[in-house]
Amino acid sequence: MGLFTTSPQRDFPKFWTQYLAAFSQEKSKAGFLGSTLDGKKLHTTRFVVFDTETTGLHYKEDRILSIGAVTVINNEISIAQSLELYLKQDVYKPESAKIHGILRNGSYEQVNEQEAIERCLEFIGTDILIGHHIGFDVAVINAALKRAQLGKLKNRVLDTETLYKRLVHPINRSLQEKRYTLDELAEALKIPLHDRHTSAGDALITAIAFIKIVKRLNSDGSLTVKQLFRKN
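Position labels on residues start from 1 in each chain and follow its written sequence. Only residues with pLDDT of at least 70 get local features here, since the model is predicted, and only at 80 or more are side-chain atom pairs given and counted; chain-wide, interface and lining totals rely on the full set of residues. Where side-chain values are given, they derive from all heavy atoms of the structure, hydrogens and water being excluded.

**Description of a positive patch on the surface**
Okay, so step 1: Note that patches include only residues with greater than 30% relative accessible area and no salt bridge, and the join distances are 9 Å for like charges and 5 Å for nonpolar side chains (Val, Leu, Ile, Met, Phe, Trp, Tyr). All accessible areas in this document rest on Shrake-Rupley with a 1.4 Å probe, and a residue is counted as covered only by the protein chains that are shown. A side-chain nitrogen of Lys or Arg and a carboxyl oxygen of Asp or Glu constitute a salt bridge if their distance falls within 4 Å. Just so you know, the count uses Lys and Arg for positive and Asp and Glu for negative, and it drops His and the chain ends. Think of each charge as sitting on NZ of Lys, CZ of Arg, CG of Asp or CD of Glu. Taken together, the side chains of K60, K146, K152 and K154 present a region of like positive charge at the surface.
Okay, so step 2: Helix numbers and strand numbers start at the N terminus; a helix is a DSSP run of H or I with at least 4 residues, a strand a run of E with at least 2. Within the secondary structure layout, K154 lies in the loop between α4 (134-147) and β6 (157-159).

**Considering the side chain of T160**
Okay, so step 1: Among the secondary structure elements, T160 is positioned in helix α5 (residues 160-165).
Okay, so step 2: Burial status follows relative accessibility: with a 1.4 Å probe on protein chains alone, a residue under 20% of its type maximum counts as buried, one over 50% as exposed, and anything between as partly exposed. The buried category is assigned to T160, whose relative accessible area is 0%.
Okay, so step 3: Apart from the residues lying within four places of it in its own chain, the contact partners of T160 are I130, G131, H132, L185, T206, F210 and I213. Here, two residues are considered to be in contact whenever any of their heavy atoms come within 4.5 Å of each other.

**What to know about the confidence of the model for the protein chain**
Detailed reading of predicted coordinates is not advised where the pLDDT is low.
Okay, so step 1: Predictor confidence is given residue by residue as pLDDT, running from a minimum of 0 to a maximum of 100. Of all residues in the protein chain, 88% attain a pLDDT of 70 or more, and the chain-wide mean is 87.
Okay, so step 2: When pLDDT is averaged over each helix and strand of the protein chain, the minimum, 55, is found for helix α2 (residues 97-105) and the maximum, 98, for strand β5 (residues 128-131).

**A few points about the packing of helix α1 (residues 14-30) against helix α3 (residues 113-124)**
Okay, so step 1: To obtain an axis, a line is fitted to C-alpha atoms, over the contacting stretch when the element is a helix, and the angle between two such axes runs from 0 to 180 degrees between their N-to-C directions. Packing of α1 against α3 leaves a shortest axis separation of 10 Å and a crossing angle of 25°. Overall, the two elements α1 and α3 adopt an arrangement that is roughly parallel. Taken as a pair, α1 and α3 cross one another with a handedness that is left-handed. Contact residues: F15, W16 and Y19 in α1; Q114, I117, E118, L121, E122 and I124 in α3.
Okay, so step 2: Residue type decides the class: Asp, Glu, Lys and Arg count as charged, Ala, Val, Leu, Ile, Met, Phe, Trp, Tyr, Cys and Pro as nonpolar, and the leftover types, Gly among them, as polar. Here the contact of α1 with α3 is composed, by residue class, of six nonpolar, one polar and two charged. An angle below 35 degrees is treated as roughly parallel, one above 145 as roughly antiparallel, one from 65 to 115 as roughly perpendicular, and anything else as oblique. Put simply, a crossing is left-handed when the front helix is turned counterclockwise from the back one by less than a right angle, and right-handed when it is turned clockwise.

Shown next as structure tokens:
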């Protein structure tokens, strides 16, 4: 045996290497000091609005029940470009009985976690992700990636709660500090609640909210994608 040994290099799944390569290519186009947001135009950028339903609120311990996503381009929702996945479950939890009922009795295709992650990453690519309280959804996807011994999501993310607060005048501190549920956001923006608490339904409601918020933020037509990431 030699003095120095090297660990065997792991062969990552093709979908993961393609996912990483797409970000490297995008960064290469932007240049070393450039931002990948600089070249994005608001009316041509593809936003992916997504939501997950899970067996609970512990992102490390609980499991994904379903993933729903739609795309928004030029303030329009493209139903043709949508994703809805139901995951096979090994453990039944009473608190998620409603969704489990769908899984047990419905005719939905069910996939295992790795296939769901693969199809999800292929769908989102390098696009900007939109969600309501999106930190949790990103965390559960990252936990699934970790179980597959892969890295974390690389996509930029925007939260509809944060964007909505930019419509509230700074003087209204109580409204600025308030946490908005998706129901409250939908009520404030006059969005009907259909298929609430399904990943596809919540993704659609969030997409409508995103479009309405962006239209108000872009009232003078000068809003850029980069400016969406401003904190206020």
